[in-house]
Amino acid sequence: MSKSELKFSRKKTIGQILPEQSDYKDIPADFDQNMQLSIENGFFVFTMMPSLRCSLNCPHCYLSLEQRRNSPIMSVDQLEIACKKVDEYYSGKTHLKRKVIVFYWYGGEPTDMGLDYMLDAFNRIEKIFTEEKGYYVRHDILTSLIKIDEAWFDIFRTWGRGHFQTSFDGLMRGKGYMRLWDKRVREATAKGLSVSTISVVNNELMEDGPEAVLDYLCELEVDEASFLPFMLNEQNVGNKYEKYAPPMSGYSDFMIKLNTHWYKLKSEGKKVPYIGQMSYVISRKGMPPAANIPGQTMFLLPEGDFVLPDYRDGYLEYMKPFGNILEQTFEEILTSKSRKEYIRKQWTRNRNTECVTCTHKNNCIMEFWKPNREGDDCFGAKKYVDWLINNESKLNSLSHDQPLMF
Ligand code: SF4
């Protein structure tokens, strides 16, 4: 059965409605996603936030309690309209023979939408973005893992191509959370699933120490681990940010020690997760300026707005809207005044004097450009990036079995 023939029926069991992994084709070998830097060029990381709902209360979250508990959920019919508009846009770009769309299910907690919603959405997406039209589609799912049942492992095995991503923030989310999370990760790897973690570096992880954190992820057999700085946002401003967020200099020190330990473990022949930031920084060295701006992604919110994180009052994060896909065409949103301004701000590195003159401006970890904080390492983690570049050949010599790409 081909993917396009798959039908979702509530009468069938999960096993009968899931595709086989062999149905999927890998990303074409000659498609270098590191060089496809914009939606307009045919590479779209379509960040899916059709629901912001989540039953947890994590200190770093950018969502309000009201949004997490009661915000509207985009219907699958509306989601289909949004996807058809993206397809309409690409249909008009006949010079783009191949388009790669990565559906990054983010949220809120995507699994809270339920299996019926997700399977319906997957099937409709597959019908719109077909191979015949030149699309390559991939689904990446980020989950807290806390509320899911066994059936989700089948979703990760099939639609997720044997893989999923999960948040790991140590004791910042509480002991009860960690106990359950640990159990679920072990269950997943025992079933042969590949697990990636994404962590916000916080004071609880700092206290555990980078060596212990990496040892723990090795023990869990995690394949890839990413570590992001803890950002100030409208929800955590006040006591949560002050309590949990280390300065960027602390982040850089943590990452240097973590990578040093990574090198030691790799040298000893141990299986170690590859570190997302190391791969990102090294893979982008010497690449064009567009390699370090978010030109290839936008987030879709429940009411149809396409947005990306932006900053005001210094480095306070909020979501900047570019347009509404239920009311406008995709082209109108991509070419909106708001998105043009945003992309210009990324290209000019927010006009930060220290950034425009910096040799790392094309490969540091400043994900969305903003002012730096005085008296601290920059948000691009210059100290850590310097260390990575100084140790590049040593690190590369042990990375041959792991892709140095984001
Ligand atoms: S490393 Fe720091 S100073 Fe250099 S470009 Fe990135 S954010 Fe700016």
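Quick note: structure is the one above.
Summary of the structure given here.

So, how was this worked out
- Residues numbered from 1 in each chain as written.
- Predicted model: local features only at pLDDT ≥ 70, side-chain atom pairs only at ≥ 80, totals over all residues.
- Helix = DSSP H or I, 4+ residues; strand = E, 2+ residues; numbered from the N terminus.
- Buried ≥ 20, exposed ≤ 12 C-beta atoms within 10 Å, placed from the backbone.
- Core = buried A, V, L, I, M, F, W, Y, C linked by C-beta atoms within 7 Å.
- Contact = placed C-beta atoms within 7 Å.
- Axes fitted to C-alpha atoms, helices over the stretch in contact; angles between N-to-C directions.
- Parallel < 35°, antiparallel > 145°, perpendicular 65-115°, else oblique.
- Nonpolar A, V, L, I, M, F, W, Y, C, P; charged D, E, K, R; others polar.
- Near = placed C-beta within 6 Å.
- Arc of directions from axis to C-beta.

**A few points about the overall build of the protein chain**
Thought 1: A count of helices and strands for the protein chain gives 16 helices and 10 strands.
Thought 2: When the 406 residues of the protein chain are sorted by exposure, 37% land in the buried category.

**Comments concerning the nonpolar core**
Thought 1: Of all hydrophobic cores here, the largest spans 88 residues; its most connected members are Leu-300 and Ala-381.
Thought 2: At 6 residues, the largest contribution of residues to this core is made by helix α10 (residues 248-267).
Thought 3: With near-sequence residues (within four places) excluded, Leu-300 lies in contact with Phe-46, Thr-47, Met-48, Met-49, Pro-50, Ala-82, Phe-306 and Ile-325.

**Description of the packing of α10 against helix α15 (residues 382-390)**
Thought 1: Between α10 and α15, whose axes approach to 7 Å, the crossing angle comes to 25°. As far as their axial angle goes, α15 and α10 are roughly parallel. Contact residues: α10 offers Ser-249, Ser-252, Met-255, Ile-256 and Asn-259, while α15 offers Lys-383, Tyr-384, Trp-387 and Leu-388.
Thought 2: Looking at the contact of α10 with α15, its residues break down into 5 nonpolar, 3 polar and 1 charged.

**Looking at the site of the ligand**
Thought 1: Around the ligand lies a shell of 13 residues, among which Cys-355, Cys-358, Cys-364, Cys-378 and Gly-380 are the nearest.
Thought 2: Only α14 (353-356) and α15 provide two or more residues apiece to the shell around the ligand.
Thought 3: A breakdown of the residues in the shell around the ligand according to their chemical character gives 7 nonpolar, 3 polar and 3 charged.

**Re the environment of Leu-119**
Thought 1: Along the chain, Leu-119 falls in helix α4 (residues 115-128).
Thought 2: Separated by 40 residues in sequence, Leu-119 and Trp-159 have C-alpha atoms that sit 9.0 Å apart.

**Focus: unusual backbone geometry**
Thought 1: Even without being glycine, Leu-145 reaches a positive phi, approximately 75°.
Thought 2: By the secondary structure assignment, Leu-145 is in the loop between β3 (135-143) and α5 (151-157).
Thought 3: With phi around 65°, Glu-221 is a residue other than glycine that occupies positive phi space.
Thought 4: Mapped onto the secondary structure, Glu-221 falls in the loop between α8 (210-219) and β6 (224-228).

**As for helix α13 (residues 337-347)**
Thought 1: Looking only at α13, the buried set comprises Arg-339, Tyr-342 and Gln-346. For α13, the buried positions fall inside an angular range of 60° around the axis, keeping them on one side. Looking at α13, the residues exposed on the side facing more than 90 degrees away from the buried face are Lys-337, Lys-340, Glu-341 and Arg-344.
Thought 2: Buried residues in α13 make contact with β9 (305-312), β10 (316-324) and α12 (330-334).
Thought 3: Arg-349 sits one or two positions beyond α13 and adopts a positive phi of about 55°.

Functional significance is not addressed by these values, which are geometric in nature.
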